[in-house]
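Examination of the molecular architecture
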Amino acid sequence: MERQVVPNRDNSLNATFSSSHMKTVSQLINQETRQWDKHTLNCLFDRDTVNDIFQIILPSTGKYILRWKPTPKGQFSVKSAYKCIMLDIHGSDNANFPWKYLWKLDLPQKIKHFLWKCMHDCVSVRSKLSRYVSSIPSECPLCNRESETLNHLFVQCDTTKRLWFDLDSNIAGNMSNMNLQEWIANWFAPNSNHGESHRKFVQFVRFAIWEIWNLRCNVVFNNAQVHVNNLITRVNKDISVWIDNSVKILANRSTLSNNKVVTPWSLPDFEYLRGAQSIHGIANDEEQVAALAALSAIRWAKAAAVQKLHLEEDCLNVVNVINGSLGSVDWRNNNVISDCKSLLESFTSWKCIFVHRESNEIANSLAKRARNYRVDEIWNSEFPLWLKSLIRDELNVNLS
């Protein structure tokens, strides 16, 4: 049982709960019910570990296969293996960096990409290039004294320090006792000031980093001179142009959003089962929520002896994989999808279609109720007044 990984845990299971007789995960599963063997688990692990293991969804059909955890689809790739090796060699400093916030920054794509390169220390500075091209000097082109590393160019170089001070005297204080990667990471720190003044300051710094790199390249390739006033002017111009363009884009998006027509949901034009469910559960992401909801609906329809099933989902990935083959969803959700497809074979006919969440306010309200109240509710015939009112308002149907 060594090195077994379960949800919500970053490390292996505590060895004090291991057993020399337990060699495989299949020994923890009741092979008749194809569910976790709670008695065995309680004998081996503490309560929190058992609860975490029970969050792993087991398929009711099919066979167990090996999955490669570092990729979303669970399939091995050289790229993912290389990434794992690099993290193991260089440490996990960047592994915890909030990359999704970096890519969501209100910045030109070229600046975001350059910041990404800075965080990975893969900018083509002279200290790197000179290792492979002997004709390239390693000295910094701005000060011509120290070796040009990424940290020297943006933090330690005397010329750059003067540039930062002339750009904004507060920047020098923010950079004290930090290297470039630490400084960038500090922009996203939870305890960092996120007020409007701080946002504008950091935005200015991000554009300034880009312009300092452009200045450095002009010095190297065009023998340009360092002029602080010109640098400040370019930074302010870049920010102004970017803000103006962003305003125009937002205005166009707002116009498109206002013109968007959402087709209202309507009752199917065939005989249907009258009832409603609001089921609370735990899922890792929205995709798994949709997959579990589909499985619950299919089981409900089968228990009610429905022959023709009309299934609607607001997650396009889940709809596509139910109608097609496995592989479009995260591999962790394949077990649920497999159970869905296996159960669907028992129906005379079925179809699964995509419906926008905004189109079906009734289903959306039931989902919100389950999430907020954390209870399971099932109504087979008599609906509560709030649900009757919602159905009347949305569908113009009066339920007696």
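Scroll up for the structure.
One structure accompanies this document, and this report is about it. (Residues numbered from 1 in each chain as written. Predicted model: local features only at pLDDT ≥ 70, side-chain atom pairs only at ≥ 80, totals over all residues. Heavy atoms only, no water.)

Phi at Asp-121 takes a positive value of approximately 55°, unusual for a residue other than glycine. The phi dihedral of Ala-305 falls on the positive side, at around 60°, and the residue is not glycine. Relative to the assigned elements, Ala-305 resides in the loop between helix H13 (286-303) and strand E4 (308-313). (Helix = DSSP H or I, 4+ residues; strand = E, 2+ residues; numbered from the N terminus.)

This part takes up the packing of aromatic side chains. Following the criterion strictly, the structure yields nine aromatic pairs and no others. Between Phe-97 and Trp-99, the ring centres sit 4.5 Å apart and the planes meet at 55°, which makes this aromatic pair tilted. The burial state of Phe-97 is the same as that of Trp-99; both residues are buried. Between the aromatic rings of Trp-379 and Trp-386, the centroid separation amounts to 6.0 Å while the plane-to-plane angle is 80°, which identifies the pairing as edge-to-face. Among the residues examined, Trp-379 registers a relative accessible area of 12% and is labelled buried. An aromatic cluster of at least three residues, connected via ring pairs, comprises Phe-114, Phe-154, Trp-210 and Trp-213. (Phe/Tyr/Trp six-rings, centres within 6.5 Å; stacked < 30°, edge-to-face > 60°. Buried < 20%, exposed > 50% of the residue type's maximum accessible area, 1.4 Å probe, protein only.)

Restricting attention to buried positions, one finds in helix H5 (residues 109-119) the residues Ile-111, Lys-112, Phe-114, Leu-115, Cys-118 and Met-119. One side of H5 carries all its buried residues, which in axial view fall inside an arc of 160°. Structurally, H5 contributes buried residues whose contacts are with helix H4 (99-103), helix H7 (150-156), helix H10 (180-186) and helix H11 (196-222). Trailing H5 by a residue or two, Asp-121 shows a phi angle of about 55°, which is positive. (Arc of directions from axis to C-beta. Contact = heavy atoms within 4.5 Å.)

Next up on the list: the pattern of salt bridges. If you walk through the whole model with that rule in mind, you get five salt bridges. Of the charged contacts, one joins Arg-145 and Asp-158 as a salt bridge, the two residues approaching to 2.8 Å between their closest N and O atoms. Of this pair, Arg-145 sits in the loop between helix H6 (126-129) and H7 while Asp-158 sits in helix H8 (residues 158-167), placing them 13 residues apart in sequence. Arg-145 gets classed as exposed once you look at its relative accessible area, which sits at 54%. (Salt bridge = Lys/Arg side-chain N within 4 Å of Asp/Glu carboxyl O.)

The interhelical angle for the contact between helix H16 (residues 361-373) and helix H17 (residues 385-395), taken along N-to-C directions, is 150°, at an axis separation of 10 Å. Classified by the interaxial angle, the pair formed by H16 and H17 is roughly antiparallel. Residue-level contacts link Glu-361, Ile-362, Ser-365, Leu-366 and Arg-369 of H16 to Trp-386, Leu-387, Leu-390, Ile-391, Glu-394 and Leu-395 of H17. Of the residues belonging to the contact of H16 with H17, the class tally is seven nonpolar, one polar and three charged. (Axes fitted to C-alpha atoms, helices over the stretch in contact; angles between N-to-C directions. Parallel < 35°, antiparallel > 145°, perpendicular 65-115°, else oblique. Nonpolar A, V, L, I, M, F, W, Y, C, P; charged D, E, K, R; others polar.)

Our next topic: the environment of Asn-372. Mapped onto the secondary structure, Asn-372 falls in helix H16. On a C-alpha basis, the gap between Asn-372 and His-280 in space is 9.0 Å, while along the polypeptide they are 92 residues apart.

Moving on to the packing of helix H14 (residues 316-323) against helix H15 (residues 334-344). Axis separation between H14 and H15 bottoms out at 10 Å; the angle between their running directions is 50°. If you check the angle between H14 and H15, you find them oblique. Where H14 crosses over H15, the handedness of that crossing is right-handed. Along its contact with H14, which presents Val-318, Val-321 and Ile-322, the element H15 presents Ile-337, Lys-341 and Leu-344. Residues belonging to the contact of H14 with H15 are distributed by class as follows: five nonpolar, no polar and one charged. (Left-handed = near helix turned anticlockwise from the far one by under 90°.)

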